[in-house]
Amino acid sequence: MKRTKCEECKGKIIRKKVPFKLYGIELGMFTAEICQKCNEEIYDEDTLDKINKAAKQKGLWGLESKTKVGEVGNSLDIRISKKIADFIGLKKGEDILVHPENKKRIVIDVV
Ligand SMILES: [Zn+2]
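**Here we look at the overall build of the chain**
Right, so step 1: Each helix and strand counted, the chain has two helices and seven strands in total.
Right, so step 2: Against the globule reference of 13 Å for 111 residues, the chain gives a C-alpha radius of gyration of 19 Å, more extended than a compact globule.
Right, so step 3: In terms of its C-alpha atoms, the chain occupies a principal-axis envelope of roughly 55 × 30 × 25 Å.
Right, so step 4: Considering the chain as a whole, with its 111 residues, one finds that 1% of them fall into the buried category.
Right, so step 5: Taking all contacts inside the chain whose residues are at least 6 apart in sequence as the whole, residues at least 24 apart take part in 31%.

Written out as structure tokens, the structure is:
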């Protein structure tokens, strides 16, 4: 079913190709349904399939993973998966900067 109206704001939906980025890496141009009023971008199932395939080809698949918070002394310990470490190029002994972005998100900057 093709949407013609935005479910959020009832704005008019247009279809056009837009660049799609995952983790800061461009995966290519994909057709999105974009609301002209609130700019919400929606991708249909076929397009999401294509996006997933492109992500796999570029080795960006499966970077997100669940991890448990551990404890070391008085600090909490969060493990970073090998996949993410490889993607970032992070190695043991490197300095990183950890800070909260808000109450729900922690940002780790590689310095
Ligand atoms: Zn809208």
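Still more to cover.
**Focus: the domain arrangement of the chain**
For interface size, the figure often reported is the accessible area lost on association.
Right, so step 1: Per the domain assignment, the segments of the chain are domain 1 (13-57) and domain 2 (69-110).
Right, so step 2: Spacing between the C-alpha centres of domain 1 and domain 2 amounts to 29 Å.

**As for helix H1 (residues 45-57)**
Right, so step 1: Between the first and last C-alpha of H1 there are 18 Å, a value that for 13 residues agrees with the 18 Å anticipated at 1.5 Å per step.
Right, so step 2: Of all 13 residues making up H1, only zero are buried, and the element is barely covered by its neighbours.
Right, so step 3: Within two residues after H1, Gly 59 carries a phi angle of roughly 70°, on the positive side.

**Some remarks on the pairing of strand E4 (residues 69-72)**
Right, so step 1: In this structure, E4 lies alongside strand E5 (residues 75-78), joined through four bridges in antiparallel fashion. Residue pairing across strands places Glu 71 opposite Leu 76, the latter belonging to E5.
Right, so step 2: In sequence, E4 turns back onto E5 through a hairpin of two residues, with Gly 73 there showing a positive phi of about 60°.

**Brief notes about unusual backbone geometry**
Right, so step 1: Residue Lys 10 is not a glycine yet carries a positive backbone phi of 70°.
Right, so step 2: Tracing the backbone shows Lys 10 in the segment before strand E1 (13-22).
Right, so step 3: For Asn 39, which is not glycine, the phi torsion reads 65° and is therefore positive.
Right, so step 4: Take Asn 39: it is sitting in the loop between strand E2 (25-35) and strand E3 (41-42).

**A closer look at the pairing of strand E7 (residues 105-110)**
Right, so step 1: For E7, the tally of buried residues reaches only zero of six residues, placing the bulk of the element at the surface.
Right, so step 2: One ladder, built from six bridges, connects strand E6 (residues 96-102) with E7; its direction is antiparallel. By the bridge assignment for E7, Leu 97 is matched with Asp 109.
Right, so step 3: If you look at the hairpin formed by E6 and E7, you'll find two residues sitting between the two strands.

So, how was this worked out
- Residues numbered from 1 in each chain as written.
- Predicted model: local features only at pLDDT ≥ 70, side-chain atom pairs only at ≥ 80, totals over all residues.
- Helix = DSSP H or I, 4+ residues; strand = E, 2+ residues; numbered from the N terminus.
- Rg over C-alpha atoms; globule rule 2.2 N^0.38 Å.
- Buried ≥ 20, exposed ≤ 12 C-beta atoms within 10 Å, placed from the backbone.
- Contact = placed C-beta atoms within 7 Å.
- Domains from an automatic or database assignment.
- Expected span 1.5 Å × (residues − 1).
- Pairing = 2+ DSSP bridges.

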